[in-house]
Amino acid sequence: MDSDRTPNEGATLTWGVKQSFRAYVEGSGGVIEVGEGARRAADGEFVFASAPGAGLRLNADGKPEGAGRFLGEVRCQAHGGMLDVFLADPGVEVGPAGAAVTVADSRTRDRRVELALLDLAAAKVGDEGEIVIPAKLSKDGWRILGDHYLPSTPLDPLRLKLRPS
Ligand code: HEM
């Protein structure tokens, strides 16, 4: 089979966004809720299902190519609602200039923001055959995470399964 054309049905994106942020929200009496297709893994990371027709595929080097959308939303609230972070439907986009994660920043999903930049050159294969890609906050990503982290702050690595196991 031509691996460039591997269908993406059953793909998942597992991404905790930022472990210290999750720990902070939940440790300060706040809540993290998921829905619309996202769930939480045992370690607290978020698992997003692939959107129909997602166009990510593995190239001959085993690196992702193209652009794929995943489904689900994450809502974080703490400090009586002063901390209110929402992100939904992450997209992984690989282009000539690099790779990035975009998210919708509101329930209406009428705007997408680039949240993270990915280091595909440093991607590795994980224990379950998934692709593990280091991520850092993009220059606009601070808007999403409550205006607290500087651009290039390390985020959790993405774990991408492009084929059902
Ligand atoms: C009553 C108001 C607040 C108090 C008392 C407070 C207190 C703190 C403290 C003590 C830390 C350091 C935690 C640590 O290093 O373990 C921290 C970190 C942080 N705070 Fe707040 N904070 C407040 C409001 C907010 C709000 C409104 C936001 C966002 C809009 C926010 C976002 C953050 C973030 C993102 C961190 C960094 C977490 C990390 O990655 O370690 N905080 N805050």
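Refer to the structure presented above.
Here the residue index of a chain counts from 1 through its sequence in written order. Predicted model: local features are reported for residues with pLDDT of at least 70 only, side-chain atom pairs are reported and counted for 80 or more only, and whole-chain, interface and lining totals are derived from all residues.

Chemist: Looking at this structure, I do not really get the pairing of strand β13 (residues 154-161). What am I missing?
Modeler: Put simply, side chains in a regular strand alternate between the two faces of the sheet. Pairing between strands is defined by DSSP: at least two bridges between the two strands are required. Helix numbering and strand numbering both begin at the N terminus, where a helix is a DSSP run of H or I of at least 4 residues and a strand a DSSP run of E of at least 2. Two elements, strand β1 (residues 12-15) and β13, share three bridges in a ladder whose sense is antiparallel. The residue of β13 that forms the bridge with Thr14 is Arg159.

Chemist: So what exactly am I meant to see when it comes to the site of the ligand here?
Modeler: In the vicinity of the ligand, the contacting residues are Ser20, Phe21, Tyr24, His79, Met82, Leu83, Gly146 and His148. Counting residues per element, the shell around the ligand draws most heavily on helix α1 (residues 19-27), at three residues. Each residue is assigned to one of three groups, with Ala, Val, Leu, Ile, Met, Phe, Trp, Tyr, Cys and Pro labelled nonpolar, Asp, Glu, Lys and Arg labelled charged, and all others, Gly among them, labelled polar. Across the shell around the ligand, the residue classes break down as four nonpolar, four polar and no charged. What makes a residue near a molecule or strand is its C-beta atom, placed from the backbone, lying within 6 Å of it.

Chemist: Teacher, can you tell me more about the environment of Gly37 here?
Modeler: By secondary structure assignment, the location of Gly37 is in the loop between β2 (31-35) and β3 (38-40). For Gly37, a count of 16 C-beta atoms within 10 Å puts it in the partly exposed group. Each C-alpha atom, one on Gly37 and one on Lys161, is 16 Å from the other, the two residues being 124 residues apart in sequence. Ignoring any residue separated from it by four or fewer positions in sequence, one finds Gly37 in contact with Phe48, Ala49, Leu71 and Gly72. The burial label depends on the number of other C-beta atoms within 10 Å of a residue's C-beta. Counts of 20 or more mean buried, 12 or fewer mean exposed, and intermediate counts mean partly exposed, with C-beta atoms placed from the backbone. Placing C-beta atoms from the backbone, we regard two residues as in contact once those atoms come within 7 Å.

Chemist: How should I be thinking about the nonpolar core in this particular structure?
Modeler: For soluble globular proteins, the rule of thumb is that nonpolar side chains tend to be buried together. Membership of the largest hydrophobic core comes to 34 residues, with the highest contact counts inside it found for Val101, Ala116, Leu118, Ala135 and Leu158. Sorting the residues of this core by element identifies β1, β4 (46-50), β7 (73-78), β8 (83-95), β9 (98-104), β10 (112-118), β12 (131-137) and β13 as the ones contributing at least two each. Here this core takes five residues from β8, the largest share from any one element. Buried Ala, Val, Leu, Ile, Met, Phe, Trp, Tyr and Cys residues form a nonpolar core when they are connected through C-beta atoms within 7 Å.

Chemist: How should I be thinking about the environment of Trp15 in this particular structure?
Modeler: Tracing the chain through its elements places Trp15 in strand β1. Classification of Trp15 by C-beta neighbours within 10 Å gives buried; the count is 26. Sequence-wise, Trp15 and Ala49 are 34 residues apart; in three dimensions their C-alpha atoms are separated by 11 Å. Ignoring anything within four residues of it in the chain, the contact list for Trp15 reads Glu45, Phe46, Pro90, Asp156, Leu158 and Arg159.

Interpretation in functional terms is not warranted from these geometric data alone.
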